[in-house]
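Overview (structure and organization)
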Amino acid sequence: MENRCRLWRCVSLWSWSKIIIFHEDTSNGPEARLLRYVGSRSPVMGCHSEGHESLINKGTTLRGKSAEGLILNRSSSDSHDSAPTRVVVTCALPYANGEIHLGHVTSTYLPADIFVRFCRLNGVEAAFVCATDDFGTPILIAAEQDKKPPAQFVEYWNQRDLQDFGDLSINFDIFDRTSSKENIELTQHFFRRLYEKGHIYEQEILQPYCPRCQKFLPDRYVKGTCPYCEAVEQYSDSCERCGKAFQPGEIKDPHCAICGSKPEKRASEHFFLRLSEFTEPLRKWLLENDNLQPEVKNYVLNWIKEGLQDWDITRDIEWGVPVPLDRAKGKVLYGWFDNHLCYVSSTLKLTESRGIDGKAFWNSSTIFHFIGKDIVYHHYLFLPAMRIGVGEYKLPEFIPTRGHLLLQGGKFSKSRGWYVGLREFLDSFPADYLRYYLAAITPYSQSDVNFGWRDFQGRVNNELVANLGNFVHRTLTFIWSRFKGEIPRPDRFDDLDKEFQTRIEALSGQVGKELSRIELDRALKRILEFSDYCNQYFQRKQPWTNVEKATTCLYLSANAVRSLAILIEPFIPNSAEALWELLNLKGSAYEQDWDSISSLQISPGHSIRKPEVLFRRIEDSEIEKQIERLGPLKS
Ligand SMILES: [Zn+2]
Ligand SMILES: [Zn+2]
């Protein structure tokens, strides 16, 4: 199987135990593609594995044709001026303490992956970056419960997440970790710079301390009863049942989460970031950035109006980035101080290993941070404040923010059994079905969306199978059986044919416009409208009534199938490649140029492969099994 590392424009081929890496040399034109052997890597590693990078020549040009047609500025939708040629796309980091949540796939990882694929089809150079969030008390507690050292615990989840993402066809250029040497160094650098500039101050505070365990108990180390709904065994920061967030000391009947003892209060010296000082620069940045979603922006501007509180950025635990000051021994930085810096450190790691100036790469890219609405505060205030304070790495242009995912109308909850695991899902249905469904139901807004099992079945059966799949299959089987698998030579175009061609010509622009605005569900709707139109065209032309006169219909339909293969690549890449194979075209769907969607590139005489069904129907019994497994919704 051939696989490409897009950022580096090199080609890797799978073999038994390793991936053999070649360099692509197209200096003699794209037809004379030369594959030059440069080394090998293990198949389990991403393209960013060290063995790989060290083998790559420095100075090779990255992929980057002009990105004409890509519009990424919401405020100047019809101008091509703002089209970026280089993007850094990051996803909120999954905590390294459990399975990838379908909700996060919906709000963050899938939209980002679709967008990156679209950028690459447009020749935009993209660095697609993610990592596991390894530090913080939830991780430490989970590791203690698992009786594993935290470093070993997070190592397992990092590998597991990487595999799960891969199985969902989400392939980052780098999937690093916040506990990496590079991220620890960058985080300490940020702390030092902010400290030197006076943005960080020290203050003594009273912290819960367990006399029996002989340690401070930050955040989730204290459990107790919710003062609002009386739910027992809640963490001291918020209630899982009623959703209320608590102030420190507010929880009733506090006790140590490890041994159950009543904690006492002890004084501890903590470090605070003067977030309040950044009020004006943050307001200015928010008001001037037209790319941010207005509803999120207004929400954040209201917080600013209410006044920003300084942030306690240290914790009295051992698992974290050590505060880089001699007198702060035993203290680490709060997880939200270091985790988003991993967007930067992993981009630097990815680029610098290839001899590219990472900081220059970052600062000359258009930056996208894809997130869910639960971490708006951190990404719209905390993250930009830290970057403004240090002044070395530019702020994001886009922070695409999406809502929560509900399951059959109820909130996802693993503890209450109202839950579908990603692995569990992929064991029952193809990854593309999940990608398709989630992309179709998720708008570019903070609205919550609902995963409904019957809705999922309906979408797959009515849209993928009966609409898109039907047109593709009837076209290919007709060519296979009536034209011996060869694309026929078209006759003169009648009015219907001319209209069909006009529709094909408009496609790349119509769908591309939605995708470039990150309006992914709308783009998908346009694609389905087109394939619906294709079915109508085929029906009206009735090629089966007179095969001799059907040549134009099948010539145009085959070309529309090719356009569809590229159109669906960002959304359902496995189906796109399978379709590309059936069309027997050179290369892969993902290597094509987006603009070529609008031209008729399959010539008469081209032979296709024996058609196979792309999408299968989901039976009622499969859905009933899933609904039964969930049981009744408990509140
Ligand atoms: Zn409660
Ligand atoms: Zn204790």
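What about the overall build of the chain?
- Scanning the chain from N- to C-terminus turns up 19 helices and 21 strands.
- A buried classification covers 42% of the 635 residues belonging to the chain.
- Long-range pairs, those at least 24 residues apart, make up 72% of the contacts in the chain with a sequence separation of at least 6.

Thoughts on helix α18 (residues 573–583)
- Here α18 has its buried residues at P573, S575, A576, L579, W580, L582 and L583.
- Following α18 by one or two positions, N584 adopts a phi angle in the positive range, close to 60°.

Looking at the sheet that holds strand β5 (residues 86–91)
- Across the sheet, five strands lie side by side as β7-β6-β5-β17-β18; this open sheet has parallel pairing. If you trace the sheet from one side to the other, it starts and ends with β7 (174–177) and β18 (401–402), each paired once.
- Summarising the sheet, β5 and strand β6 (residues 125–132) pair through five bridges and their orientation is parallel. Within β6, the position partnered with V87 by the bridge is A126.

Examining the confidence of the model for the chain
- Looking at the chain as a whole, its pLDDT mean stands at 87, while 87% of the residues score no less than 70.
- The low-confidence segment residues 1–81 (pLDDT under 50) makes 136 contacts with residues lying over four places distant or belonging to another chain.

Some remarks on the sheet that holds strand β11 (residues 234–235)
- Across the sheet, three strands lie side by side as β11-β10-β12; this open sheet has antiparallel pairing. If you trace the sheet from one side to the other, it starts and ends with β11 and β12 (252–256), each paired once.
- Relative to β12, strand β10 (residues 222–225) runs antiparallel, the two being bridged by three bridges. Bridging from a neighbouring strand, V222 pairs with C256 of β12.

Focus on the packing of helix α5 (residues 181–196) against helix α11 (residues 376–390)
- At a minimum axis separation of 9 Å, α5 and α11 run at an interaxial angle of 65°. With respect to α11, the element α5 is oriented roughly perpendicular. Where α5 crosses over α11, the handedness of that crossing is left-handed. Together, F190, R193 and L194 of α5 and M386, G389 and V390 of α11 make up the contact between the two elements.
- Residue classes in the contact of α5 with α11 are distributed as four nonpolar, one polar and one charged.

Side note on helix α13 (residues 431–441)
- Buried residues dominate α13, accounting for nine of its eleven residues.
- Here the buried face of α13 lies against α2 (102–121), α12 (422–428), α14 (453–482), α16 (520–541) and α18.

Things to note about the nonpolar core
- In this structure, V89, V129, I139, A439 and A565 are the most contacted members of the largest nonpolar core, which totals 147 residues.
- The element best represented in this core is helix α17 (residues 551–568), accounting for twelve residues.
- Setting aside anything within four residues of it in sequence, one finds I139 in contact with Y95, A96, N97, D134, P150, V154 and W319.
- Counting seven residues, the second largest nonpolar core, distinct from the first, contains L217, V222, I251 and C256.

As for the pairing of β5
- Within β5, five of the six residues are buried, leaving the element largely enclosed by the surrounding structure.
- After leaving β5, the chain enters α2 and then returns to the sheet as β6, a path that is right-handed.
- Across five bridges, β5 lies against strand β17 (residues 366–372) in parallel orientation. Bridge assignment links V89 to a residue of β17, and that residue is F368.

A short note on the environment of P490
- Here P490 shows up in the loop between α14 and α15 (495–516).
- Sequence separation between P490 and L556 is 66 residues; the distance between their C-alpha atoms is 8.1 Å.

Considering unusual backbone geometry
- Backbone geometry places S169, a non-glycine residue, at a positive phi of 60°.
- Looking at where S169 falls in the secondary structure, it is placed in the loop between α4 (150–167) and β7.
- Using a count of 16 C-beta atoms within 10 Å as the deciding quantity, one classes S169 as partly exposed.
- You will see that Q408, though not glycine, has its phi angle at about 50°, which is positive.
- Mapped onto the secondary structure, Q408 falls in the loop between β19 (405–407) and β20 (410–411).
- Since 16 C-beta atoms lie within 10 Å of it, Q408 is described here as partly exposed.

Focus: the pairing of strand β8 (residues 200–210)
- In the sheet, β8 pairs with strand β13 (residues 264–273) via ten bridges, with the strands oriented antiparallel. Bridge assignment links Q203 to a residue of β13, and that residue is H270.
- Between the end of β8 and the start of strand β9 (residues 215–216), which pair antiparallel, lie four residues, with Q214 showing a positive phi angle near 55°.

A look at the environment of Q203
- Mapped onto the secondary structure, Q203 falls in strand β8.
- Sequence-distant contacts of Q203, defined by excluding residues within four places in its chain, comprise H270 and F272.

Brief notes about the packing of α17 against α18
- Running from N to C, α17 and α18 point in directions that differ by 155°, and their axes come no closer than 8 Å. Between α17 and α18, the interaxial angle falls into the category roughly antiparallel. Here α17 and α18 pass one another in a crossing that is left-handed. Here V561, R562, A565 and I568 of α17 lie close against α18, whose contacting residues are S575, A576, L579, W580 and L583.

Definitions and cut-offs
- Residues numbered from 1 in each chain as written.
- Chains lettered and ligands numbered in written order.
- Predicted model: local features only at pLDDT ≥ 70, side-chain atom pairs only at ≥ 80, totals over all residues.
- Helix = DSSP H or I, 4+ residues; strand = E, 2+ residues; numbered from the N terminus.
- Buried ≥ 20, exposed ≤ 12 C-beta atoms within 10 Å, placed from the backbone.
- Contact = placed C-beta atoms within 7 Å.
- Pairing = 2+ DSSP bridges.
- pLDDT = per-residue confidence, 0-100.
- Axes fitted to C-alpha atoms, helices over the stretch in contact; angles between N-to-C directions.
- Parallel < 35°, antiparallel > 145°, perpendicular 65-115°, else oblique.
- Left-handed = near helix turned anticlockwise from the far one by under 90°.
- Nonpolar A, V, L, I, M, F, W, Y, C, P; charged D, E, K, R; others polar.
- Core = buried A, V, L, I, M, F, W, Y, C linked by C-beta atoms within 7 Å.
- Right-handed = clockwise from strand over helix to strand, strands pointing away.

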